[in-house]
Amino acid sequence: MSSENHKIKVGVIGVGVLGRHHARLYKASENAEVVGIYDVVPENAQRVADEFGFKVFSSPEALAEQCDAVSIAVPATMHHAIGMQILKMNKHVLMEKPLCSTVAEAEEVVKEADKRGLVLAVGHVERFNPAMDFLEKQRSKTRFVEAHRLCSYPPARPGQHPRGTEVSVVLDMMIHDLDLILTMMGSEIERIDAIGIPILSKTEDIVSVRIKFAHGGAANITASRVSSEQMRRFRVFQDDAYISMDYGKHTGMVIKKNRIGLANKEISLNEKNALADEIEDFLRAVRETTETGVLSLPKVPGEQGLRALKLAVDIIDNIREYNDRYGFKFT
Ligand SMILES: NC(=O)c1ccc[n+]([C@@H]2O[C@H](COP(=O)([O-])OP(=O)(O)OC[C@H]3O[C@@H](n4cnc5c(N)ncnc54)[C@H](O)[C@@H]3O)[C@@H](O)[C@H]2O)c1
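Residues numbered from 1 in each chain as written. Predicted model: local features only at pLDDT ≥ 70, side-chain atom pairs only at ≥ 80, totals over all residues. Heavy atoms only, no water.

Q: I'd like a description of the overall build of the protein chain, backed by residues and values.
A: When you go through the protein chain residue by residue, the secondary structure sums to nine helices and 13 strands. Taking 20 Å as the expected radius of gyration for a compact globule of 331 residues, we find that the protein chain reaches 20 Å, a close match to that expectation. The principal-axis extents of the C-alpha atoms in the protein chain amount to approximately 55 × 55 × 35 Å. Counting only residues that meet the buried cut, the protein chain has 52% of its 331 residues in that class. (Helix = DSSP H or I, 4+ residues; strand = E, 2+ residues; numbered from the N terminus. Rg over C-alpha atoms; globule rule 2.2 N^0.38 Å. Buried < 20%, exposed > 50% of the residue type's maximum accessible area, 1.4 Å probe, protein only.)

Q: Explain the domain arrangement of the protein chain residue by residue, including any values.
A: Here the protein chain is described as being made up of domain 1 (4–123 + 273–282) and domain 2 (126–271 + 310–325). Buried area between domain 1 and domain 2, both sides added, is near 1300 Å², and the carbon and sulfur share of it is 64%. Where domain 1 packs against domain 2, one counts two salt bridges. For E107, the salt bridge is made with K310, and the minimal N-O distance between the two is 3.7 Å. Where domain 1 packs against domain 2, one counts one residue pair in polar contact (both at pLDDT 80 or more). Within the residue set of the side of domain 1 that touches domain 2, elements represented by two or more residues are α1 (17–28), α5 (103–116) and α8 (271–292). Looking at side-chain class alone, the side of domain 1 that touches domain 2 contains eight nonpolar, four polar and five charged residues. (Domains from an automatic or database assignment. Buried area = accessible area lost by both parts, 1.4 Å probe. Salt bridge = Lys/Arg side-chain N within 4 Å of Asp/Glu carboxyl O. Polar contact = N/O pair within 3.5 Å; in protein donor to acceptor, adjacent residues only side chain to side chain. Nonpolar A, V, L, I, M, F, W, Y, C, P; charged D, E, K, R; others polar.)

Q: Please give an account of the sheet that holds strand β13 (residues 261–268) that cites residues and values.
A: One open sheet holds the eight strands; their spatial order is β7-β8-β9-β6-β10-β11-β12-β13, and the pairing between them is mixed. In this open sheet, the two strands that pair with only one neighbour each are β7 (189–197) and β13. Strand-to-strand twist in this sheet, taken as the mean axis angle between neighbours without regard to direction, amounts to 10°. Alignment of strand β6 (residues 142–150) against strand β9 (residues 218–224), held across seven bridges, turns out to be parallel. Of the residues in β9, the one forming a bridge with V145 is A219. Relative to strand β11 (residues 241–246), helix α6 (residues 130–137) is tilted by about 150°, and along the sheet it contacts β10 (231–238), β11, β12 (251–258) and β13. Most of the contacts of helix α7 (residues 169–185) go to β9, to which it runs at about 160°, and overall it touches β6, β7, β8 (206–213), β9 and β10. (Pairing = 2+ DSSP bridges. Axes fitted to C-alpha atoms, helices over the stretch in contact; angles between N-to-C directions. Contact = heavy atoms within 4.5 Å.)

Q: Which residues make up the pairing of strand β2 (residues 32–38), and what values do they have?
A: Burial of β2 is extensive: five of the seven residues sit out of reach of the surface. Sheet analysis places strand β1 (residues 8–13) next to β2, joined by six bridges and oriented parallel. Paired with V12 across the bridge in β2 is I37. Considered for its hand, the β-α-β crossover made up of β1, α1 and β2 is right-handed. (Right-handed = clockwise from strand over helix to strand, strands pointing away.)

Q: A description of the site of the ligand should follow, citing residues and the corresponding values.
A: In the region of the ligand, 27 residues are neighbours, and D39, N44, H79, K97 and R163 sit closest. Contact between the ligand and H79: an oxygen atom at 2.8 Å from a side-chain N or O atom of the residue. Put simply, the parts of the chain that give the shell around the ligand at least two residues each are α1, α4 (79–87) and α7. A class-by-class count of the residues in the shell around the ligand yields 15 nonpolar, six polar and six charged. Split by domain, the residues of the shell around the ligand number at least three in each of domain 1 (4–123 + 273–282) and domain 2 (126–271 + 310–325). (Near = heavy atom within 4 Å.)

Q: Could you give an account of the packing of α6 against α7, naming the residues involved and the relevant values?
A: At a minimum axis separation of 7 Å, α6 and α7 run at an interaxial angle of 40°. On α7, the residues touching M132, L135 and E136 of α6 are L180, T183 and M184. The class makeup of the residues in the contact of α6 with α7 is four nonpolar, one polar and one charged.

Q: For the sheet that holds strand β3 (residues 69–72), give the residues involved together with the corresponding values.
A: Reading across the sheet, the five strands line up as β2-β1-β3-β4-β5 and stay open at both edges, with parallel pairing between neighbours. The sheet is open, and its two borders are formed by β2 and β5 (120–123), each paired with just one other strand. Direction aside, neighbouring strands of the sheet carry axes that sit 20° apart on average. Bridge count for β3 against strand β4 (residues 92–96) is four bridges, and the pairing is parallel. Each residue of the ladder has a partner; that of I72, found in β4, is M95.

Q: Describe in detail helix α9 (residues 302–325), supporting the description with residues and values.
A: Over its 24 residues, α9 extends 34 Å from the first C-alpha to the last, a length consistent with the 34 Å expected when each residue adds 1.5 Å. Taken as a whole, α9 has its buried residues at G302, G305, L306, A308, L309, L311, A312, I315, I316, I319 and N323. Buried residues along α9 sit in contact with α5, β5, α7, β7 and β8. Just downstream of α9, G327 is the residue with a positive phi angle, here 70°. (Expected span 1.5 Å × (residues − 1).)

Q: Account for the pattern of salt bridges, naming residues and giving values.
A: If you walk through the whole model with that rule in mind, you get 21 salt bridges. Notably, a salt bridge pairs E51 with R20, separated by 2.7 Å at the nearest N-O pair. Here the residue E51 occupies a position in helix α2 (residues 42–52), and R20 occupies one in helix α1, the gap between them amounting to 31 residues. With a closest N to O distance of 2.6 Å, R116 and E112 form a salt bridge. Here E112 and R116 lie together in helix α5, a separation of four residues that amounts to about one turn. Judged by its relative accessible area of 8%, E112 is buried. By sharing partners, the salt bridges in this structure join E126, R149, D177 and R232 into a single network.

The structure is reproduced here in structure tokens:
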């Protein structure tokens, strides 16, 4: 589908760090035509418009009116309000992660998309990593996952929260790993044991959690946005294999036991391709839905964004109950 007639008309709402990449990748896609962009901070919109030659719209509605589909890449606390507004205009939505900042909001967004037969995709970009297909197929063999996602505190900016700190680090960063783990475990959660503390923001900045699954699998996950070290590592221990992914270094390794010993295979982790693949998958789902009149699901549909959010919120509740029980107060 490369003819001009078949191009999906898209817009991007919120063109900060991630939204700029959405707009750039739509522009590069032969399957999309960028109608324009909108940002509540006009200078942000203008900067991206000057870089890529996009038209700037004065409101989300004015932009969405002319689009078939919209990417929403505003801070998480605004996902619900803008998402509902755009869905009610009957436009397909690619929502950055987390789907929303509360479960009630996310349920409403999923219901609205469902009712209208619209594509609702969620930006859990690491699902597009090729190693995930392998891990999903082998889910019954996964015994233990160890995930680390560490970065330094984002810089202050006038009049706004530092990037991502509107919400707990569980919703901002750990949710990527939660989505991956839920996808590859495919089992009910039996127990959550979490610890977390706010350090520089008003919500948890560092969190460590251990999750036990009903089928016996377990995961240890750490996320911190107050680290002097940068790290994004994800390691999976299976009955007969060890899979290690280092997103920071863009390298991955599968070590498998076989009859003669151990076999090593390198895997490549190109995040740039992952976001482009996510965008192409969204465009495919929109095109198929439009052509057939039957909803075609994206790789990460709203229900799965909701599933990851529910676990994230259970972890936050677990942390806060623990802190309350011991009278821990953070100022
Ligand atoms: N998938 C990923 O790997 C990934 C990585 C980082 C961020 N994100 C997600 O992307 C979203 C944006 O994060 P970011 O890092 O780009 O943040 P950012 O602060 O760089 O960009 C957010 C932009 O939204 C604009 N904005 C704020 N309120 C708005 C509103 N009501 N209407 C229109 N524009 C508005 C801001 O002016 C800013 O330009 C968040 O949901 C975040 O969780 C995803």
